[in-house]
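Residues per chain, in single letters:
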Amino acid sequence: MLRYITQRLIESAIVLLIMSFLIYGLIGLMPGDPIDLMITADPKLTPEDAARLKALYGLDRPIAERYLNWLSAAFTGDLGYSRIHARPVLEVLRPALGNTVLLMGLSFALALAIALPAGVIAALKPQSALDNTINMVAFAGISVPPFWLAILLIILFAVVLGWLPAGGMGDAGWWSRASHLVLPVAALTLVTVGGIIRFVRAATIEALRQDYVRTARAKGLSRRQVIVGHVLRNAMIPVVTILALNFGALFSGALITETMFGWLGMGKAIYDAIMGNDFNLALIGLLLATLTTLLANLLADLTYAWLDPRISYR
Amino acid sequence: MSGSEPYQLAADAGQAAGPPRSIRAILWRRFLQHHLALGSLVVLGVLVSVSLAAPLVEWALGLDANKVNLLGRFLAPSASHWLGTDELGRDLLLRLLYGGRVSLLVGIAAALCAALIGTLLGLLAGYHGGWLDAFVMRFADGIIALPLLPLLIVLAAVDLNKLGLPETLAGSENISLYRIVLLIALVGWTTVARLVRGATLSMRTREFVRAAEGLGAGHLRIMLVHILPNVVSPIIVATTLSVGNIILLESVLSFLGLGIQPPTASWGNMLTGAQELIWSAPALAVWPGLLIFVTVIAFNFLGDGLQDALDPKAVQG
C-alpha cells in the first residue's frame, strides 16, 4: 500500500513537471510580454532600453534555459511577483485558495446532500412519476450553461426581487460575507447536482440487479435491510470514485461562478491573470489547480480500495 | 424493476408474438418508445433548419444581421424586429439564428473530430496492445485528470502569430472557429478512445477475428472491416452525448471572450454584452442562454435514448 502511494506520488510529480513546462511555454505564446507592456506604459523607453531590459530579465534566452531558471528559483521558494497585484504570487493566492475552498466545499456538500437521497429514491422506483421528475431535474442541471444560470439568478434575486447582492465579497462581517455567498453557492450547486444524481441513480440500479440482492431477498431480509446493507454499500463504491474524479469539473464550474459573481477565488485569480498578462500568477495558479486535481484523483483510487476489499494495491 | 430488459430484444424479435423483425426494425422501435429522445430529435431538426435558413429569413425580413443602428437600440419586439434589437440596434432574432449556426457547427464538427481521433487511437491501442496501449491510455488518463477549463482558456489565449502561423491564416475571419473546434477535439477524444479500446480488446480474441487472421487478412483490414463495425454503437452514443457538452464549452469560452470573436455571433458571445445590461435589458440575456439550454438538453436526451436503444444491457429509464 505504502509502495503504491509512493509510486503514485512520484507519477503525479512527473505529470506536474511536464505540465509546468507546457504551461510555461504556452504562457510565453500569449499576446504581449512584460517588456512590451512596459514600453506601452512609458513612451520614453527606447528600443535599446527595451533590449537591455530583456537581457536583464533573461527574456532574450532560449525557452528551455528560461524554464530551468524559473524552475530552480521555484524550488528555492521564489515564485515571483504578480504583475497586477504587485505582491508575491503566494501572498495573492493564499486568500484566493481559502475563498475557493469555502465556495467549492459548501456547494459540494450541498450537492451531495441533495443528490444522494434523490438518486437512490429515483432508482428504487424506476419509471415512476418521482423518478421521471428527478431525472428531468438532473438533465436540466447538466445541460444549463453555468454562466447563464448565474445571470438568471442575478436577474431574479438581485434585480427583480432585490433580496441578495449581485456579486462581490461583502465586508468582513460574517453576515455580509454569508449573504454574498448565497448566489454563488446556489449556482455551483445547481450545475453540480445533476451529474451526481445521474451517477447515484445508475449505480443504485446496477447494484439492484446483482445476484446477491436477489439472494438477500430470498433469504427473507426486510426491504430496508436489503437496501441499506446490500444495495447502498455496493452502489456507493463507483459513486465515491466518480465524485473524486469530478474534482476538475467542479473547479471549472468554480472558475465560471467566481468570475460571474466577483468572488475572489482561485478560478477568478487564474482567469484575471491570463486576461491581464500576469504570467507568474497564471502559471502558479494553474499549477496549483493541477496539483490539487492530481491529489484528488489519488484520493479517489485510495478510497476505492478502502471501500472495496476485493481491490488491493500492492 | 427492469430485470427482464436484457431479454426484451429476444422477445421483440418475434419469438413471442407476431412476424419476425429485423434488428434494425427492433432498434428503431425501441428508439421510438423513447418519447423524450424522439421529441429532442424533432426540436434539433427545427433548430438546424431555421439556423440554416438564416439568410432566407434575413432576406424575407429585409434586414441585415450585422448592421449597427445606434438610433434603434433596445427596440421592443415589433413587426419588423420580431424579438426586438440588441445594444447596437441589430435584430435579435437574426443574431440568434446566425449564432445558432456557429454553435451547432462547432458542436457537431468538434464532436466528429474528437470521435475520429478517439476511434483511431482506441483501435490502435486495443489492437496493438503492449507499449502503444499503455502510452495512449496513460496519455488519456492524464488529459482526463487535468482541470480542463483553465487550460483551455490558456490555449485559447495563445497568440497565433507568435506560434508562427502565416498571417493570412492567423488573421482570417474564421480562425476563431477553426481554433475552437481543434482545441475541443484535442481534449475531447478520450471518452471515445477508452470505449473503442475496451471493445477492441474483447473483439480481438473472438473467433471471427481469429478466422480472418487465419485466412490471411492484414492488420488494417481486420481493424477496419472486422472490428470497427462491431464497436460503432458505443461511438455513436458517446459522440451524441458529447455534442451537448461541447456546445456548453464553446459557449463558456465565447462568453469569456476567448472563443468565437465578434462580430460573428455565437450564443455564447451574445451573452458577453448582455451581462452588463441585465439591469436595463434583461431580455437580451435570456434568449441566447435559453437556446443553448434547449439545444444541449435535446442532445443529452437524444444520446440517452440512443444508448437505451443500442445497448441491450443498458438500464432503461
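A.B. asks: Please set out the overall build of chain A residue by residue, giving values where relevant.
C.D. replies: Helices and strands together make up the secondary structure of chain A, namely 13 helices and zero strands. Listed by position from the N terminus, the elements making up chain A come as α-α-α-α-α-α-α-α-α-α-α-α-α. Principal-axis analysis of the C-alpha atoms gives chain A an extent of 90 × 60 × 30 Å. Of all intrachain contacts in chain A linking residues separated by at least 6 positions in sequence, the fraction that spans at least 24 positions is 70%.

A.B. asks: Got a sec to walk through the overall build of chain B? Specific residues and values, please.
C.D. replies: Broken down by element type, chain B carries 15 helices and zero strands. Relative to all contacts within chain B whose residues are 6 or more apart in sequence, the contacts with residues 24 or more apart total 69%.

A.B. asks: If you had to explain the confidence of the model for chain A to someone new, which residues and values would you point to?
C.D. replies: For chain A, per-residue confidence averages 83 on the pLDDT scale, and residues scoring 70 or more make up 94% of the total. No element of chain A has a lower mean pLDDT than helix H2 (residues 34-41) of chain A, which averages 67, and none a higher one than helix H6 (residues 129-143) of chain A, which averages 90.

A.B. asks: Break down the interface of chain A and chain B for me, with residues and values.
C.D. replies: The figure often quoted for interface size is the accessible area lost as the parts come together. Counting from both sides, the interface comprises 39 residues of chain A and, opposite them, 37 residues of chain B. Among the secondary structure elements, those contributing two or more residues to the side of chain A that touches chain B are helix H1 (2-28), H6, helix H7 (146-160), helix H8 (174-208), helix H11 (247-261), helix H12 (266-275) and helix H13 (279-307) of chain A. In the side of chain A that touches chain B, the residues fall into 30 nonpolar, seven polar and two charged.

A.B. asks: Provide a residue-level description of the packing of H6(A) against helix H15 (residues 282-310) of chain B, including the pertinent values.
C.D. replies: Relative to each other, H6(A) and H15(B) sit at 120°, their axes nearing to 9 Å. Our classification of the angle between H6(A) and H15(B) gives oblique. Pair H6(A) / H15(B) crosses with right-handed handedness. Together, A:Phe139, A:Ala140, A:Ile142 and A:Ser143 of H6(A) and B:Phe293, B:Val296, B:Ile297, B:Asn300 and B:Phe301 of H15(B) make up the contact between the two elements. Of the residues contributing to the contact of H6(A) with H15(B), the split by class is seven nonpolar, two polar and no charged.

A.B. asks: Hey, could you go over the nonpolar core for me, with residue numbers and the actual values?
C.D. replies: Counting 153 residues, the largest nonpolar core has A:Phe147, A:Leu149, A:Ala150, A:Ile270, A:Ala282, B:Ile184 and B:Val192 as its most contacted members. Element by element, the count of residues in this core is highest for H8(A), at 17 residues. The residues contacting B:Ile184, other than those within four sequence positions of it, are B:Ala110, B:Ala114, B:Ile246 and B:Leu249.

A.B. asks: Give me helix H9 (residues 211-218) of chain A: which residues, what numbers.
C.D. replies: Little of H9(A) is tucked away, with zero of its eight residues classed as buried. Two residues or fewer past H9(A), A:Gly220 is found with a positive phi of approximately 95°.

A.B. asks: Could you give an account of the environment of B:Glu207, naming the residues involved and the relevant values?
C.D. replies: Of note, B:Glu207 is situated in helix H11 (residues 207-214). Distance in space between the C-alpha atoms of B:Glu207 and B:Pro234 is 21 Å, their sequence separation being 27 residues.

A.B. asks: Could you give me a rundown of the confidence of the model for chain B, with the residues and numbers involved?
C.D. replies: All names here are of chain B. In the predicted model, chain B carries a mean pLDDT of 80, and 81% of its residues have values of at least 70. Confidence drops under a pLDDT of 50 for residues 1-8, and excluding neighbours within four residues, the segment shows seven contacts in the predicted structure. The complex prediction reports pTM at 0.84, with the ipTM value standing at 0.83.

A.B. asks: Tell me about the packing of helix H5 (residues 92-128) of chain B against helix H13 (residues 232-255) of chain B, and please be specific about residues and values.
C.D. replies: Residues and elements named next belong to chain B. With their axes 8 Å apart at the nearest point, H5 and H13 run at an angle of 135° to one another. Judged by the angle between their axes, H5 and H13 are oblique. In this structure, the crossing between H5 and H13 has a hand that is right-handed. Where H5 approaches H13, its residues Ser103, Val106, Gly107, Ile108, Ala110, Ala111, Ala114, Ala115 and Thr119 are matched on the opposing element by Ile235, Thr239, Ser242, Val243, Ile246, Ile247, Glu250 and Ser251. The residue inventory of the contact of H5 with H13, partitioned by class, reads 10 nonpolar, six polar and one charged.

A.B. asks: Tell me about the environment of A:Val144, and please be specific about residues and values.
C.D. replies: Note that A:Val144 resides in the loop between H6 and H7. Residue class for A:Val144 comes out buried when judged on the 22 C-beta atoms lying within 10 Å of it.

Calculation rules
- Residues numbered from 1 in each chain as written.
- Chains lettered and ligands numbered in written order.
- Predicted model: local features only at pLDDT ≥ 70, side-chain atom pairs only at ≥ 80, totals over all residues.
- Helix = DSSP H or I, 4+ residues; strand = E, 2+ residues; numbered from the N terminus.
- Contact = placed C-beta atoms within 7 Å.
- pLDDT = per-residue confidence, 0-100.
- Nonpolar A, V, L, I, M, F, W, Y, C, P; charged D, E, K, R; others polar.
- Axes fitted to C-alpha atoms, helices over the stretch in contact; angles between N-to-C directions.
- Parallel < 35°, antiparallel > 145°, perpendicular 65-115°, else oblique.
- Left-handed = near helix turned anticlockwise from the far one by under 90°.
- Core = buried A, V, L, I, M, F, W, Y, C linked by C-beta atoms within 7 Å.
- Buried ≥ 20, exposed ≤ 12 C-beta atoms within 10 Å, placed from the backbone.

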